[in-house]
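# Geometric and topological summary
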Amino acid sequence: MTIKVLAVGKKHESWVDEGISRYEKRLKKPFNLIWQLLNHSSRENDAARTEESARILAKIDDRDFVVLLDERGKNIDSPALANKLRSPIDSSRNVVIIIGGAYGVDPTVHARADFTWSLSKLVFPHQLVRLILTEQLYRAQDILGGGKYHHV
């Protein structure tokens, strides 16, 4: 099962890349985490949001289970995330996780999302979100595999 992360932005900074690699190594088959970085638009505001959203939607298949990261999304814990991913995993649907650009995404992306998730009600820099996301995917896989969930 492929989990593809579509992220608008620059390549991972070295400290982020190191952290992501650490958690990617812990992911077990059949999980296959793929990062696809999309360039920022050279436009601003609504024009940038529209252009980036169109590029995001072009990378999504009809059958994909789409998770949109959005600060206004539902704030859930790790076990709830694992349960949210259980159905697409069990039905062999690929999961696409979207991290929009600085201006967010337009309503067409919101409409396509099967689930809108907030990592936290706090706002994090995109580089840090990528690292947190990778750790949470590892944790979700561990929970689904019967691993012990440790509340912090």
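Bear in mind that the values here come from a model prediction, so they are computed numbers and not experimental data.

Once that is clear, we can look at the pattern of salt bridges. Counted according to the given criterion, the structure contains eight salt bridges. Note that Asp 70 and Arg 72 form a salt bridge whose closest N and O atoms lie 3.4 Å from each other. Note on Asp 70: relative accessible area 11%, which makes it buried. Two residues, Asp 114 and Arg 93, come together in a salt bridge whose shortest N-O distance is 3.8 Å. Remark: Arg 93 occurs in the loop between helix H3 (78–90) and strand S4 (95–99) and Asp 114 occurs in the loop between helix H4 (107–112) and strand S5 (115–118); sequence separation between them is 21 residues. It is possible to trace a salt-bridge network through shared partners that takes in Arg 43, Glu 51 and Arg 55.

Time to look at the pairing of strand S2 (residues 32–38). In the sheet, strand S1 (residues 2–8) pairs with S2 via seven bridges, with the strands oriented parallel. From the neighbouring strand, Thr 2 faces S2, where its bridge partner is Asn 32. Note that the unit made of S1, helix H1 (residues 14–26) and S2 has a crossover that is right-handed.

Across soluble globular proteins, nonpolar side chains have a tendency to be buried as a group. Ile 3, Val 95, Ile 97, Trp 117 and Leu 133 are the most contacted members of the largest nonpolar core, which has 30 residues in total. Among the elements of the structure, S1, H1, S2, strand S3 (65–75), H3, S4, S5 and helix H5 (126–144) are those that each provide at least two residues to this core. Here the element with the most residues in this core is H5; it accounts for seven residues. Every residue in contact with Leu 133, bar those within four places of it in the chain, is listed here: Val 5, Trp 35, Leu 69, Ile 97, Ile 99 and Trp 117.

Here S3 runs beside S4; their pairing, made up of five bridges, is parallel. Considered in S4, the bridge of Val 66 is made with Val 96. The β-α-β motif built from S3, the intervening H3 and the parallel element S4 has right-handed crossover chirality. Here five bridges tie S3 to S5, and the two strands are oriented parallel to one another. Within S5, the position partnered with Leu 68 by the bridge is Thr 116.

Excluding glycine, residues mostly carry a negative phi; peptide bonds, for their part, are mostly trans. Here the phi dihedral of Asn 45 falls at roughly 50 degrees; this positive angle occurs in a residue that is not glycine. Looking at where Asn 45 falls in the secondary structure, it is placed in helix H2 (residues 45–58). The backbone of Ser 92 shows a phi angle near 60 degrees, a positive value even though the residue is not glycine. One can find Ser 92 in the loop between H3 and S4. With a relative accessible area of 57%, Ser 92 lands in the exposed category.

About the cut-offs
Residues numbered from 1 in each chain as written. Predicted model: local features only at pLDDT ≥ 70, side-chain atom pairs only at ≥ 80, totals over all residues. Heavy atoms only, no water. Salt bridge = Lys/Arg side-chain N within 4 Å of Asp/Glu carboxyl O. Buried < 20%, exposed > 50% of the residue type's maximum accessible area, 1.4 Å probe, protein only. Helix = DSSP H or I, 4+ residues; strand = E, 2+ residues; numbered from the N terminus. Pairing = 2+ DSSP bridges. Right-handed = clockwise from strand over helix to strand, strands pointing away. Core = buried A, V, L, I, M, F, W, Y, C linked by side-chain atoms within 4.5 Å. Contact = heavy atoms within 4.5 Å.

Geometric descriptors of this kind do not, in isolation, establish any biological role.
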